[in-house]
Amino acid sequence: MRQDAPNTLQAAPDILQAAPDTLQAAPDASAMFADSLFGSAAADSSVEGLAHVPLDELLSRTASYLYTGQIDSAAELIGFALVHEIARVAPKIVIALVLLLFLYLLYRIVLNLLRRVLSRTRYIRPGLEKLALQGFRLAALIGIGITTLQSVGFDPAALVTGIGVAGIALGIAARDTVENIISGVSILADGAIKIGDMVIFNDIYCEVKEITLRTTRLRTPNHETVIVPNRQMANNPVRNHSVGGNLRIDIPFSIAYKEFPQEARRVVLKLPVGDERLSKDSAPEVVVTSLNDSSIDMMLWVYVIDPGRECEITYEYTERIREALRKADIEIPFPHMQVMLEKDGNH
């Protein structure tokens, strides 16, 4: 090894002299590697005449410039690629926007026409009318969206597939919502409960104000709004006071045991005479319902034409019965207890 050292030192100047040539050849080697990696287009550093070059080739050239350190050429080519892509898709975007505007205007015209037709027909209930309009809106907006995306080259089949997969996931996550929607459609189609009906739900007397796809909104006599999921409305008993003819209202009252039910009946039956709110097809009645511990329990039956006035008539006649019995000197009892003491004969 000591004998080889002088030879190595003698060869060092030649190695150093050849180094610039080696470094000068490095870019050529990098360019050859870029050619093999990104294609022959990498050797061209000019961006002139690229109007008809595909986008993938422009990206390939940009990658080659970045690899060989030609930052300015890569930046210029990136800008050209962006302008090229915008110029390519701009006409489609304009056409899509025009198509979207036209379809939306057409949708509004058809929606207004459908709303007028449904509002004038006698064969569709208000709840079903709203359901039909909501269904039309949903279908129309989905159709407009798919048509617009298709006009810019988007494949609607992929969208439908994605919606199907997402729909399964949403259906599992929103099972209660789906059940409420199905129950809402069932309620509207069955017609057992309609907007404006007076019902008793969970011992709450209220009016049906609105039936949507998800909930039923009820209004109590003191103007409270009760929002009930349609699933509960469909699966729980609901007493509808607006169907089955004139509604009978039961107004209870009591008299003392010393009084005569016939006399109380005669006094109370004078009250409904001439009341236009009551049905003339069914005459009012007064019946004895029970013999309580300290009273005879009775009840006035009247039949109202408008079920919406049930509370009003009940409160009014309760007060009128009390005043009529008082004026007739018929005692209205209150809870009391009699205690009787017996004397023992031996005391």
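This part takes up helix 9 (residues 261–268). Inspection of helix 9 places Pro261, Ala264, Val267 and Val268 among the buried residues, and these make up the whole buried set. The buried residues of helix 9 all sit within an arc of 125° when viewed along its axis, so they share a single face. Taken together, the buried residues of helix 9 touch strand 6 (247–255), strand 7 (285–291), strand 8 (296–304) and helix 10 (310–327).

Our focus in this paragraph is unusual backbone geometry. Located in the positive-phi region is histidine 223, a residue other than glycine, with phi close to 65°. Among the structural elements, histidine 223 can be located in the loop between strand 3 (215–219) and strand 4 (225–229). Positive phi values are uncommon outside glycine, yet aspartate 329 reaches one of about 55°. Here aspartate 329 lies in the segment after helix 10. Overall, the relative accessible area of 67% leaves aspartate 329 in the exposed class.

Within the secondary structure, valine 117 is located in helix 4 (residues 71–120). On the basis of relative accessibility, which here comes to 48%, the residue valine 117 falls in the partly exposed class. Considered as a pair, valine 117 and glutamate 129 are 12 residues apart in the sequence and their alpha carbons are 9.8 Å apart.

This part is about the nonpolar core. Counting residues in each nonpolar core, the largest one holds 22 residues, and the members touching the most others are Phe253, Ile255, Leu300, Ile321 and Leu325. The set of elements that each furnish at least two residues to this core consists of strand 6, helix 9, strand 8 and helix 10. With sequence-adjacent residues up to four places away left out, leucine 300 is seen in contact with Ile249, Asp250, Ile251, Phe253, Val268, Leu269, Pro272, Pro284, Glu285, Val286, Tyr317 and Ile321. Grouped together as the second largest cluster of nonpolar side chains are 12 residues, Leu131, Val208, Ile211 and Met233 included.

Take arginine 322: it is sitting in helix 10. Exposure remark for arginine 322: the relative accessible area of 43% places this residue in the partly exposed category. C-alpha of arginine 322 to C-alpha of valine 268: the two residues are 54 residues apart in sequence and 9.3 Å apart in space.

Remark: the centre distance and the inter-plane angle together describe each pair of aromatic rings, the angle taken between the planes. Evaluation of the coordinates by the stated rule reveals two aromatic pairs. A ring pair is formed by tyrosine 104 and tyrosine 107, whose centres lie 5.8 Å apart and whose planes are at 45°; its orientation type is tilted. Here tyrosine 104 and its partner tyrosine 107 are both found in helix 4, three residues apart, which amounts to about one turn of the helix. A relative accessible area of 38% means that tyrosine 104 is categorised as partly exposed. Three or more aromatic residues joined by ring pairs form one cluster here, namely Tyr104, Tyr107 and Phe136. Taking the ring centre of tryptophan 301 as reference, the NZ or CZ of arginine 248 above it sits at 3.9 Å. Above the plane of the ring of tyrosine 317 lies arginine 320, whose end atom (NZ or CZ) is 4.9 Å from the centre.

It is possible for side chains of opposite charge to pair when their charged atoms get near one another. Applying the stated criterion across every chain yields a total of 14 salt bridges. With its nearest N and O atoms 2.9 Å apart, the salt bridge here joins glutamate 312 to arginine 277. With glutamate 312 in helix 10 and arginine 277 in the loop between helix 9 and strand 7, the pair connects residues that are 35 residues apart, well separated along the chain. Residue arginine 277 is classed as buried on the basis of its relative accessible area, which comes to 15%. When salt bridges that share partners are traced, they join Asp275, Arg277, Arg309, Glu312, Glu316 and Arg320 into one network.

Moving on, we get to helix 7 (residues 175–190). Its 16 residues place the ends of helix 7 22 Å apart at the C-alpha level, agreeing with the 22 Å of an ideal helix rising 1.5 Å per residue. Along helix 7, the residues classified as buried are Asn180, Ser183, Gly184, Ile187 and Leu188. Take helix 7 and look down its axis: the buried residues cluster within an arc of 130°, on one side only. Opposite its buried face, helix 7 presents the exposed residues Arg175, Ile182, Ala189 and Asp190, each directed more than 90 degrees away.

Procedures and definitions
- Residues numbered from 1 in each chain as written.
- Predicted model: local features only at pLDDT ≥ 70, side-chain atom pairs only at ≥ 80, totals over all residues.
- Heavy atoms only, no water.
- Buried < 20%, exposed > 50% of the residue type's maximum accessible area, 1.4 Å probe, protein only.
- Helix = DSSP H or I, 4+ residues; strand = E, 2+ residues; numbered from the N terminus.
- Arc of directions from axis to C-beta.
- Contact = heavy atoms within 4.5 Å.
- Core = buried A, V, L, I, M, F, W, Y, C linked by side-chain atoms within 4.5 Å.
- Phe/Tyr/Trp six-rings, centres within 6.5 Å; stacked < 30°, edge-to-face > 60°.
- Lys NZ or Arg CZ within 6 Å of the ring centre and 35° of its normal.
- Salt bridge = Lys/Arg side-chain N within 4 Å of Asp/Glu carboxyl O.
- Expected span 1.5 Å × (residues − 1).

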